[in-house]
Each structure stands twice: as C-alpha cells, then as structure tokens.
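Coordinate inspection notes
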Amino acid sequence: SQQGEEDPQALSIQEGENATMNCSYKTSINNLQWYRQNSGRGLVHLILIRSNEREKHSGRLRVTLDTSKKSSSLLITASRAADTASYFCATDEEPGGTSYGKLTFGQGTILTVHP
Amino acid sequence: DAGITQSPRHKVTETGTPVTLRCHQTENHRYMYWYRQDPGHGLRLIHYSYGVKDTDKGEVSDGYSVSRSKTEDFLLTLESATSSQTSVYFCAISESGGRQPQHFGDGTRLSIL
C-alpha cells in the first residue's frame, strides 16, 4: 500500500517562481525523505528529515514536517528549468531501534519549470 | 555518484521464461534493495538485503526471488516471467538502513511479451 500521498500530481511554473509539493502519510514514521527523478534515470536523494525535526534546509530546498498532521512539504525556491523532474516522498516506518530502510514511496509530483 | 550498476539496462523476453537482473555496487554498503516502478504506483519494494545471505521480502515479493552471495552483488530473479512483471526495476543501496538515504541505480526496463 502507498503510505505517502503527494499533492499536486503535476505542477507547472515559470523559472524564478517557487514550487511547493506536499506529502501526507498514515502511520508513525522514523523519518521522511524526498527524492528527485529525472526522466529515464534513478532517484536522487534530496533531504532526510527525522521525526523529531520540524524543518530542514539544503540550498534552495526547504522541507517541513508536521507529525501531528502526518504531512510534509518540499519547497523549491527560485526554480530553474533544470529542476524539471518528478519528486517523491518516502517514509521509513519501522518502529524500534533497527530500521532496514524499507521505504514506502508516494506516487510523486511531476514538476515542469518553463524557461 | 554512488557506484551502482544495473544490468541489463533493457530486456525484452517472453512469458514463462526465467529472468535475472543484476545489481552491482562498489560502495561496500550493507543494505541493498530492489524496487519496481509502475505508473500510478510510485516505487514499491520487492526484496531487500541486510547482509550477505540475509534477505527478506518487501511489499510486492510474489513471483520474485533474490540472492546475495557477495557484498557487492544483489540478484533479482523472476522464475517464470508474467506480463504483470513488465516494469522498470531499480536497485538501491544504503550504508545503514533506514537511518540514511538510499542511492539508486539507473534502472532496468523489462518488457515481458
């Protein structure tokens, strides 16, 4: 079953605008991760945010996590044409100390940035 | 980029034939994963490994088996391929399981006719 539900399914913006993607999940998590996938390629890790963290930044990326609402958002500021890709959230749900990394992925948001 | 090589990159085969996909890593990471990616489903975990000869099932393991005889290689086998197994298959590795990011190969596009 899909833990993460992403919204919107597709987003089209102009270069320089900000892009916001949302992810909701159903169960308790250890962490939530965001990945990018360019067409025909594998996924590339962007940010990992742990369940006890509320916000993380990496360059033009900002991720927030609200465990009370079971939701996360990815903000890309000042977008570029090169940001055009699919973006996925993934949750690590395993309780306890050992986590095998059995990630559950959302269906993704397709972002198109027009020059 | 993490050293992950998937082979073959593309394969077309017929229903009922056995198929083996290979994932090779040069990072000496303990954890390895096989996912399939289908439209409308995102990525779904098939099997994973947490060490040599240590493997377990994921969400969609029916019809698939895996083996890991060396740290660097993780094989995915479809014993008797079916058309429902047409998909893009991704291998991923992780240094320490769920606490760290996963690094993905570029995928194998498998078509079963």
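Just so you know, these numbers come straight off a predicted model, no measurement behind them.

Definitions and cut-offs
Residues numbered from 1 in each chain as written. Chains lettered and ligands numbered in written order. Predicted model: local features only at pLDDT ≥ 70, side-chain atom pairs only at ≥ 80, totals over all residues. Heavy atoms only, no water. Pairing = 2+ DSSP bridges. Helix = DSSP H or I, 4+ residues; strand = E, 2+ residues; numbered from the N terminus. Axes fitted to C-alpha atoms, helices over the stretch in contact; angles between N-to-C directions. Contact = heavy atoms within 4.5 Å. Disulfide = S-S within 2.5 Å. Buried < 20%, exposed > 50% of the residue type's maximum accessible area, 1.4 Å probe, protein only.

**With respect to the sheet that holds strand β1 (residues 5-7) of chain A**
Residue and element names in this part refer to chain A. Strand order in the open sheet made by the five strands is β1-β3-β8-β7-β6, with antiparallel pairing throughout. The sheet terminates laterally at β1 and β6 (55-58), the two strands that pair on one side only. Pairs of neighbouring strands in the sheet enclose a mean axial angle of 15°, with direction left out of account. Pairing analysis gives four bridges linking β6 to strand β7 (residues 61-66), with the strands arranged antiparallel. In the sheet register, Lys 56 faces β7, and the bridge partner there is Val 63.

**Some points on the sheet that holds strand β7 (residues 64-70) of chain B**
Residues and elements named next belong to chain B. Pairing within the open sheet is antiparallel, and its four strands lie in the order β1-β3-β8-β7. Whereas interior strands pair on both sides, the edge strands pair on one side only; in this sheet they are β1 (4-7) and β7. For this sheet, the mean inter-axis angle between neighbouring strands, taken without regard to orientation, is 15°. Pairing between strand β3 (residues 19-25) and strand β8 (residues 73-78): six bridges, direction antiparallel. Counted as the bridge partner of Thr 20 is Thr 77 from β8.

**Brief notes about the environment of Leu78(B)**
All names here are of chain B. When you line up the elements, Leu 78 lands in strand β8. Each C-alpha atom, one on Leu 78 and one on Arg 22, is 12 Å from the other, the two residues being 56 residues apart in sequence. The contacts of Leu 78, once residues within four sequence positions are left out, are Thr 17, Pro 18, Val 19, Gly 63, Tyr 64, Gln 85, Tyr 89, Leu 110 and Ile 112.

**Section: the state of the cysteines**
Summed over all chains, the structure comprises two disulfides over all chains. The disulfide partner of Cys23(A) is Cys89(A), and the S-S distance across this bridge is 2.0 Å. Classification of the bridge connecting Cys23(A) and Cys89(A) rests on its S-S torsion, roughly 70°, and on that basis the disulfide is right-handed. Here Cys89(A) lies in strand β9 (residues 85-92) and Cys23(A) lies in strand β3 (residues 19-24), a separation of 66 residues in the sequence. One exposure class covers both Cys23(A) and Cys89(A), and it is buried. Here Cys23(B) connects covalently by a disulfide to Cys91(B), the sulfurs 1.9 Å from one another. One quick way to see it: the torsion about the S-S bond of Cys23(B) and Cys91(B) is about -70°, and its sign makes the bridge left-handed. Residue Cys23(B) is located in strand β3, and its partner Cys91(B) is located in strand β9 (residues 87-94); the two are separated by 68 residues in the primary sequence. Of the two residues, Cys23(B) and Cys91(B), neither departs from the other in class, the shared state being buried.

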